[in-house]
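# Observations on the three-dimensional arrangement
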Amino acid sequence: MCLIPSLIFFALRADFKNIDHEKFQLLKIMSTVTIALSPLVFISTLSLHRFNFYVLPVSILILTEIQKVYKKSIGKSSNIIALSAFGAYFVAWYFLSEHAILCYRPYQNFLL
């Protein structure tokens, strides 16, 4: 899920150079990190999923920056689509994964 926005960024890198220089550098570094993490899927999907939490915000930023790069051809609905896609991914993963329920729910104690 995070790899697709990184590939989009590198495919459209020339168009993204028109945005803020510091933001462009951040997107370039984090997209490189995301692509470098992709072989981890063959070693440990759990580790990959934990690393994805660090690169996920940048993936969302890339998808929302596409709207700024292509102002006329893509409407503001691209932001809603990007956020909805990642939100649906998290909701589906959380409720359909037994591992997520065991590890990511707050500890069950009498105070909660």
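Quick look at the structure, then.

### Notes on the overall build of the protein chain
- The secondary structure content of the protein chain amounts to six helices and zero strands.
- Order of helices (α) and strands (β) in the protein chain, N terminus to C terminus: α-α-α-α-α-α.
- Looking at the protein chain residue by residue over its 112 residues, the buried ones come to 29%.
- Look at the contacts in the protein chain between residues 6 or more apart in sequence, and 58% of them connect residues 24 or more apart.
- When the accessible surface of the protein chain is summed, it comes to about 7800 Å², and 67% of that surface belongs to carbon and sulfur atoms.

### A few points about the side chain of T34
- Within the secondary structure layout, T34 lies in helix α3 (residues 21-37).
- Ignoring any residue separated from it by four or fewer positions in sequence, one finds T34 in contact with C2, L3, S6 and V55.

### As for the packing of aromatic side chains
- Taken as a whole and assessed by the stated rule, the structure comprises three aromatic pairs.
- Centroid distance F9 to F10: 5.4 Å. Interplanar angle 70°. Geometry classified as edge-to-face.
- Since its relative accessible area comes to 0%, F9 is described here as buried.
- Between the aromatic rings of F9 and F24, the centroid separation amounts to 5.6 Å while the plane-to-plane angle is 45°, which identifies the pairing as tilted.

Calculation criteria
- Per chain, the residues get numbers from 1 upward, laid out in the order the sequence is written.
- In keeping with the predicted nature of the model, local features appear solely for residues at pLDDT of at least 70, side-chain atom pairs appear and are counted solely at 80 or more, and the whole-chain, interface and lining totals rest on all residues.
- Side-chain calculation: all heavy atoms of the structure are included, whereas hydrogens and water are not.
- Secondary structure elements are defined from DSSP: runs of H or I of at least 4 residues count as helices, runs of E of at least 2 residues count as strands, and each element is numbered from the N terminus.
- Partly exposed residues are those whose accessible area sits between 20% and 50% of the maximum for their type, while under 20% is buried and over 50% is exposed, using a 1.4 Å probe and protein chains only.
- Contacts are assigned to residue pairs with any non-hydrogen atoms lying within 4.5 Å of each other.
- Using a 1.4 Å probe, the Shrake-Rupley method yields the accessible areas, and only the shown protein chains count as cover for residues.
- Centres within 6.5 Å make a pair out of two Phe, Tyr or Trp rings, where for Trp the six-membered ring is used; the pair is then stacked when the planes are under 30 degrees apart, edge-to-face when over 60, and tilted otherwise.

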